[in-house]
Amino acid sequence: LDYMFQRILLLKKKKYAAVKIEKILDNGKVVTSTEFKGLDIVRRDWCPLSKTLGTRCLEAVLSGVEAE
């Protein structure tokens, strides 16, 4: 097992956005990080605005907070 994910959005093979569990502390708290693999927002030739907007949208989807 390479990674444990708390949430994952699979788009295609090797294209995903995920909340990866980095470690679980002694008090039960979970340390996470967001990971984007193979998505267009990771590419260097995209403008900063589109990267920022795409990242914020994916973080909202992966946050687990219910939308109104």
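Up top you'll find the structure we're talking about.
Described below are features of the structure shown in this document. This one's a predicted model, so the numbers in the text were calculated from it and none came from an experiment. Think of each chain on its own: its residues are numbered from 1, step by step along the sequence as written. Given that the model is predicted, a residue must reach a pLDDT of at least 70 before its local features are reported, and side-chain atom pairs must reach 80 or more before they are shown or counted; all residues, however, enter totals for whole chains, interfaces and linings. Where side-chain values are given, they derive from all heavy atoms of the structure, hydrogens and water being excluded.

**Quick look at the overall build of the protein**
In step 1: The helix and strand labels rest on DSSP assignments: H or I over at least four residues marks a helix, E over at least two residues marks a strand, and numbering proceeds from the N terminus. In terms of helices and strands, the protein carries one helix and three strands.
In step 2: Along the chain direction, N to C, the helices and strands of the protein fall in the order β-β-β-α.
In step 3: Structurally, the protein occupies a C-alpha span of about 40 × 35 × 20 Å along its principal axes.
In step 4: Every one of the 68 residues in the protein was classed for burial, and the buried ones make up 19%.
In step 5: Throughout, a contact is declared for two residues whenever any of their heavy atoms are within 4.5 Å. Contacts in the protein between residues far apart in sequence, at least 24 positions, make up 20% of those at least 6 positions apart.
In step 6: Charge-centre separation for the protein: the mean point of 13 positive side chains lies 7 Å from the mean point of 9 negative side chains. Type-normalised accessible area, obtained with a 1.4 Å probe on protein chains alone, sets the label of each residue: buried when under 20%, exposed when over 50%, and partly exposed for intermediate values. Charged-residue counts in this description rest on Lys and Arg as positive and Asp and Glu as negative, His and the chain ends being excluded. One atom stands in for each charge, and that atom is NZ of Lys, CZ of Arg, CG of Asp or CD of Glu.

**Some thoughts on the packing of aromatic side chains**
In step 1: Pairs were defined over the aromatic rings of Phe, Tyr and Trp, the Trp ring being its six-membered one, requiring ring centres within 6.5 Å. Orientation was assigned from the angle between planes: stacked under 30 degrees, edge-to-face over 60, tilted for the rest. If you walk through the whole model with that rule in mind, you get two aromatic pairs.
In step 2: Consider the rings of Tyr-3 and Phe-5, whose centres lie 6.1 Å apart with planes at 45 degrees: the pair is tilted.
In step 3: Under the relative-accessibility criterion, Tyr-3 is labelled partly exposed at 44%.
In step 4: The class of Phe-5 is partly exposed, set by a relative accessible area of 30%.
In step 5: With centroids separated by 5.9 Å and ring planes inclined at 70 degrees, the aromatic side chains of Phe-5 and Tyr-16 adopt a geometry described as edge-to-face. Of this pair, Phe-5 sits in strand β1 (residues 5-12) while Tyr-16 is found in strand β2 (residues 15-24), placing the two residues 11 residues apart along the sequence.
In step 6: Looking at Tyr-16, the relative accessible area reads 15%, which means it is buried.
In step 7: Members of the aromatic cluster, each reached through a chain of ring pairs, are Tyr-3, Phe-5 and Tyr-16.

**Brief notes about the side chain of Glu-35**
In step 1: Its place among the elements puts Glu-35 in strand β3 (residues 30-37).
In step 2: The class of Glu-35 is buried, set by a relative accessible area of 9%.
In step 3: Polar side-chain contacts of Glu-35 include one of 3.0 Å to the side chain of Lys-20.
In step 4: Excluding residues within four positions of it along the chain, Glu-35 makes contact with Phe-5, Tyr-16, Ala-17, Ala-18 and Lys-20. Polar contact is the term for a pair of N or O atoms within 3.5 Å; when the atoms are in protein, one must be able to donate a hydrogen and the other to accept it, and sequence-neighboring residues count only if both atoms are side-chain atoms.

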